[in-house]
Amino acid sequence: MSDPPQHAAFAEHLKTTFRVYLDDVNTLDTTLVEVSELLLSPRQEQFSIIFRGPNEPFLNQGNWRLSHDQLGEFELFLVPVSKSDRGIDYQAVFNRISTTG
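Residues numbered from 1 in each chain as written. Predicted model: local features only at pLDDT ≥ 70, side-chain atom pairs only at ≥ 80, totals over all residues. Heavy atoms only, no water.

## What to know about the nonpolar core
Ranked by internal contacts, the top residues of the largest apolar core, which has 21 residues, are Phe10, Phe18, Ile49, Phe51, Leu66, Leu76 and Leu78. Contributions of two or more residues to this core are made by α1 (7-12), β1 (17-21), β2 (27-35), β4 (44-53), β5 (62-68), β6 (72-84) and β7 (87-97). Top element by residues in this core is β7. It accounts for four residues. (Core = buried A, V, L, I, M, F, W, Y, C linked by side-chain atoms within 4.5 Å. Buried < 20%, exposed > 50% of the residue type's maximum accessible area, 1.4 Å probe, protein only. Helix = DSSP H or I, 4+ residues; strand = E, 2+ residues; numbered from the N terminus.)

## Considering unusual backbone geometry
The omega angle of the peptide bond from glutamate 56 to proline 57 is -5 degrees, so this bond is cis rather than trans. Summarising the element assignment, proline 57 is placed in the loop between β4 and β5. The backbone of lysine 15 shows a phi angle near 70 degrees, a positive value even though the residue is not glycine. Checked against the element boundaries, lysine 15 lands in the loop between α1 and β1.

## A few points about the side chain of arginine 96
In this fold, arginine 96 is placed in strand β7. In terms of polar contacts, arginine 96 uses its side chain to reach the backbone carbonyl oxygen of proline 4, at 3.4 Å. When near neighbours in sequence (up to four residues on either side) are disregarded, arginine 96 contacts Pro4, Pro5, Gln6, Arg43, Gln44, Glu45 and Phe47. (Polar contact = N/O pair within 3.5 Å; in protein donor to acceptor, adjacent residues only side chain to side chain. Contact = heavy atoms within 4.5 Å.)

## A word on the pattern of salt bridges
Scanning the entire structure with this criterion turns up four salt bridges. Across the pair glutamate 73 and arginine 65 runs a salt bridge, and its minimum N-O distance is 3.2 Å. For glutamate 73, a relative accessible area of 31% translates into the label partly exposed. (Salt bridge = Lys/Arg side-chain N within 4 Å of Asp/Glu carboxyl O.)

## Quick look at the environment of threonine 31
Locating threonine 31 in the fold gives a position in strand β2. With relative accessibility at 29%, the residue threonine 31 sits in the partly exposed group. Placed 14 residues apart in sequence, threonine 31 and threonine 17 show a C-alpha to C-alpha distance of 4.6 Å. In contact with threonine 31, other than residues within four places in its own chain, are Lys15, Thr16, Ile50, Phe51 and Arg52.

## Section: the packing of aromatic side chains
Scanning all chains against the criterion turns up seven aromatic pairs. Considering the side-chain rings of phenylalanine 18 and phenylalanine 74, the 6.4 Å spacing of their centres and the 75 degrees angle between planes classify their relative orientation as edge-to-face. Residue phenylalanine 18 is found in strand β1, and its partner phenylalanine 74 is found in strand β6; the two are separated by 56 residues along the sequence. As far as burial versus exposure is concerned, phenylalanine 18 and phenylalanine 74 are alike and both buried. Ring centres 4.3 Å apart and planes at 10 degrees place the aromatic pair phenylalanine 47 and phenylalanine 94 in the stacked group. (Phe/Tyr/Trp six-rings, centres within 6.5 Å; stacked < 30°, edge-to-face > 60°.)

Take it as geometry only, folks, not as evidence of what the structure does.
Put into structure tokens, the structure is as follows:
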């Protein structure tokens, strides 16, 4: 499993399917529906992304293994942030400290 993709990779794959592993075999298909603006400073980069999944099953807040056909497998901390007739939205927030500054 690799590190999560960078902002540009998520932006490039907006509106594509990401699978969330419920266990070693079962997955839940979600769609990347939002990639926020990338905020850069000399010390860090910040952005968030939102995945939309079905109303069932509900994913509790926590670390989840995801996979994408082009981006591979990685782990993200997902937080449920809203529920509607379209499904449940889960957010991942990135606040990466710059190693070059």
